[in-house]
Amino acid sequence: MSTIITKFSISFIIFIEFLLFTSSFSAQQIEANIKINQDSPQIIGIEGRFLRENQTKSNKNWAFLNSFAGVENLGERVSDLNLKDKQGENISVRKFAAGEYLADEAANVWSYQTDANLLPQNINAMAHVSWLTQEQGILMLGDLLPQFEKSDNQKISARIKFNLPKEWKIISSEKKTAENTFTVENVEKAIFLIGKNWREKEISNGKDKLNFAISGDWQFSDAEAHETASDIFARYKQLFGEIPDERIQISLVRFPKDVKFGRWEAETRGANLMVLSSDMPFKALSLQRLHEQLRHELFHLWIPNNLALTGNYDWFYEGFTVYQALRTGVEMNQIRFEDFLDTLSQAYNLDNLQTRKISLIEFSKNRWSGLGNPQVYARGMIAAFLCDIALLRTSRGKRSVSDFLKETYQKYRVPNEPQDGSTAILGALEQHKELNSIVEKYIKGFGKVDWAADLESVGIVAKEENSFTHLTIKAKPNGRQKDLLDKLGYNNWQKVLGKAK
Ligand SMILES: [Zn+2]
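(A) Summary view of the overall build of the protein chain. Secondary structure summary: the protein chain contains 14 helices and 24 strands in total. Of all 501 residues assigned to the protein chain, the portion counted as buried reaches 56%. Long-range contacts, defined as pairs at least 24 residues apart, comprise 68% of the intrachain contacts of the protein chain with a sequence gap of at least 6. Here the protein chain has roughly 21,600 Å² of accessible surface; of this, 47% comes from carbon and sulfur atoms.

Below you can see the structure in the form of structure tokens.
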């Protein structure tokens, strides 16, 4: 995966997130001790057992997560798997592939080692799977623990105890019950920041609290990062009318020093938001990059992470997130309206280069194959923009894509019944007549984007130069176009300047 270092680019290529489900709480089903040695911290020793056999059955097949978010061969990190039965007798076990084992009988107790040294070959993986350096790391139970058999939406809960080198601390949004001990509701979502060098801060925003952990030096101050997170969070709370979770953990970690400027990778898993990033050469750029990262990732706390929708529907939750995050950037005066148009132009040009005859829905299904990414972001964003224009135009500026997002969130948020994401969202879009042709042409269809008439309706023109398209404001927009441009945020800077006077 490569990285775009453009001032206001949306960095389509490097966003990677995913969806996890939530269901009701149950008492812990497993117990695990995670041990890290002072001398060789990257080798993690894990021992565990089943606490409630009827719910989480061991079978004879043991498997560890092998592939996740484009990170492959995770099974190779696992070694020395030992199994025991209830009486403490050893069970014979054979390895037949990396991370895959076959035992002679069902086991009750297990132990193994994981080598969590991912650096420096695959630093993009740092936002998605467990890693440890000599001094710190992020542990994600989803790839550390074995893959337990469960029904579709079932959560596996656990009691987790850590044994860490002296002076290492643990930061987590999971419930702490004793020193270095936690009860975890859902092992697939659980994340622990461990080690030295974490600067932790609880940010209060009214009665809402965000926990923010930063490591490494940045061009901006910790206080600036806290303020940014708090402001964007408040904006989204206002949009959705509620907060999705009361225990939100944000972590911002610097990639190792030899990584180029501008590169970053992020994931928002449940209520855990992780940004792994390099810095930018100047403070203003560095802050802009942080704004962009947080606008996008914080949005995912609501969409899709608190939706009861299933399946691969990232054409919606990535496309609309990237668009709404950009819109929010204009609203908050973090970016200019020209930057908004530039990003849309880039998305259009990227989509235009696409020669495969495949729809957004098909793209989404192939997300990790390298086929879907980054087109899902680019074309999804264009679709969201066109929906915004259509909603604004037909309602004479009274309704926008924000209203659609709010309604969709409220209708499909947990604890509603899980249902297929693509079907649900397509249904919701098709409720609006003015969106039908956008859905047909650009979401279900794969034709080139032909947006001249839509752009004209809001006073924007697409100019083509050297086969690249660039969006600008019409020289003399009429009154109606001016109104709609205003709704898109065109005059936002002037408004704020006006207020400041
Ligand atoms: Zn995303």
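(B) Focus on the environment of H470. Mapping H470 onto the fold places it in strand β24 (residues 468–473). Residue class for H470 comes out partly exposed when judged on its relative accessible area of 39%. The spacing of H470 and L341 is 129 residues in sequence and 7.9 Å in space, taken between C-alpha atoms. The contacts of H470, once residues within four sequence positions are left out, are D342, S345, V461, A462 and K463.

(C) Summary view of the sheet that holds strand β15 (residues 191–195). The four strands lie next to each other as β9-β10-β15-β12, forming an open sheet whose pairing is antiparallel. Sheet topology places β9 (131–132) and β12 (169–171) at the edges, where each strand pairs with a single neighbour. For β12 and β15, the ladder comprises three bridges, and the chain directions are antiparallel. Looking across to β15, one finds that I171 is bridged to L193.

(D) Region of the structure containing the nonpolar core. One finds I303, W315, F316 and L429 to be the most contacted residues of the largest nonpolar core, which totals 92 residues. At 14 residues, the largest contribution of residues to this core is made by helix α8 (residues 375–394). For I303, the contacting residues outside a window of four places in its chain are F240, F316, Y317, T321, L405 and Y409. Membership of the second largest hydrophobic core comes to 38 residues, among which are I46, L141, L145 and F192.

(E) Here's a closer look at helix α2 (residues 222–240). An ideal rise of 1.5 Å per residue puts 27 Å on 19 residues; α2 measures up with 27 Å between its terminal C-alpha atoms. A225, H226, T228, A229, S230, I232, F233, Y236, L239 and F240 are the residues of α2 that are buried. Close packing links the buried residues of α2 with β16 (199–205), β17 (208–215), β18 (248–254), α3 (283–299), α5 (319–331) and α9 (401–412). Immediately downstream of α2, the backbone of G241 shows phi near 80°, a positive value.

(F) Expanded view of the packing of aromatic side chains. For the coordinates displayed, the defined rule picks out 29 aromatic pairs. Here the aromatic rings of F64 and Y101 are separated by 6.3 Å at their centres, their planes lie at 85°, and the arrangement is edge-to-face. Linking F64 in the loop between β3 (61–63) and β4 (78–84) with Y101 in strand β7 (residues 100–103), this pair joins segments that are 37 residues apart in sequence. As far as burial versus exposure is concerned, F64 and Y101 are alike and both buried. Summarising the aromatic geometry, the rings of Y313 and F316 are spaced 6.4 Å apart at their centres and angled 15° between planes, so their arrangement reads as stacked. Its relative accessible area of 0% is what places F316 among the buried residues. Within the aromatic cluster, the residues linked to one another by ring pairs are Y323, F337, F340, Y348, F385, W451 and Y490. Against the face of W218 rests R254, its NZ or CZ located 5.5 Å from the ring centre.

(G) Quick peek at helix α11 (residues 436–443). Among all positions of α11, only I438, V439, Y442 and I443 are buried. An end-on view of α11 places all buried positions within 105° of arc, on one side of the element. Contacts made by the buried residues of α11 are with α4 (314–317), α7 (360–365), α8 and α10 (421–430).

(H) Fine view of a positive patch on the surface. Residues R396, K398, R480 and K487 make up a contiguous surface patch of positive charge. Along the chain, K398 turns up in the loop between α8 and α9.

(I) Summary view of the packing of α8 against helix α13 (residues 479–488). In the contact formed by α8 and α13, the axes pass within 11 Å of each other and the chain directions differ by 130°. Looking at the two axes, α8 sits oblique to α13. Crossing hand, α8 versus α13: right-handed. For the pair α8 and α13, contact is made by D388, L392 and R393 and by R480, L484, K487 and L488, respectively.

(J) Geometry of the pattern of salt bridges. Tallying each qualifying case throughout the model produces 23 salt bridges. With a shortest N-O distance of 3.6 Å, D454 and R393 are connected by a salt bridge. On the criterion of sequence distance, the pair formed by D454 in helix α12 (residues 452–457) and R393 in helix α8 is long-range, its members being 61 residues apart.

About the criteria used
Residues numbered from 1 in each chain as written. Predicted model: local features only at pLDDT ≥ 70, side-chain atom pairs only at ≥ 80, totals over all residues. Heavy atoms only, no water. Helix = DSSP H or I, 4+ residues; strand = E, 2+ residues; numbered from the N terminus. Buried < 20%, exposed > 50% of the residue type's maximum accessible area, 1.4 Å probe, protein only. Contact = heavy atoms within 4.5 Å. Areas by Shrake-Rupley, 256 points an atom, 1.4 Å probe, with all protein chains shown as cover. Pairing = 2+ DSSP bridges. Core = buried A, V, L, I, M, F, W, Y, C linked by side-chain atoms within 4.5 Å. Expected span 1.5 Å × (residues − 1). Phe/Tyr/Trp six-rings, centres within 6.5 Å; stacked < 30°, edge-to-face > 60°. Lys NZ or Arg CZ within 6 Å of the ring centre and 35° of its normal. Arc of directions from axis to C-beta. Patch = residues over 30% accessible without salt bridge, like charges linked within 9 Å, V, L, I, M, F, W, Y side chains within 5 Å. Salt bridge = Lys/Arg side-chain N within 4 Å of Asp/Glu carboxyl O. Lys, Arg positive; Asp, Glu negative; His and termini not counted. Charge placed at Lys NZ, Arg CZ, Asp CG, Glu CD. Axes fitted to C-alpha atoms, helices over the stretch in contact; angles between N-to-C directions. Parallel < 35°, antiparallel > 145°, perpendicular 65-115°, else oblique. Left-handed = near helix turned anticlockwise from the far one by under 90°.

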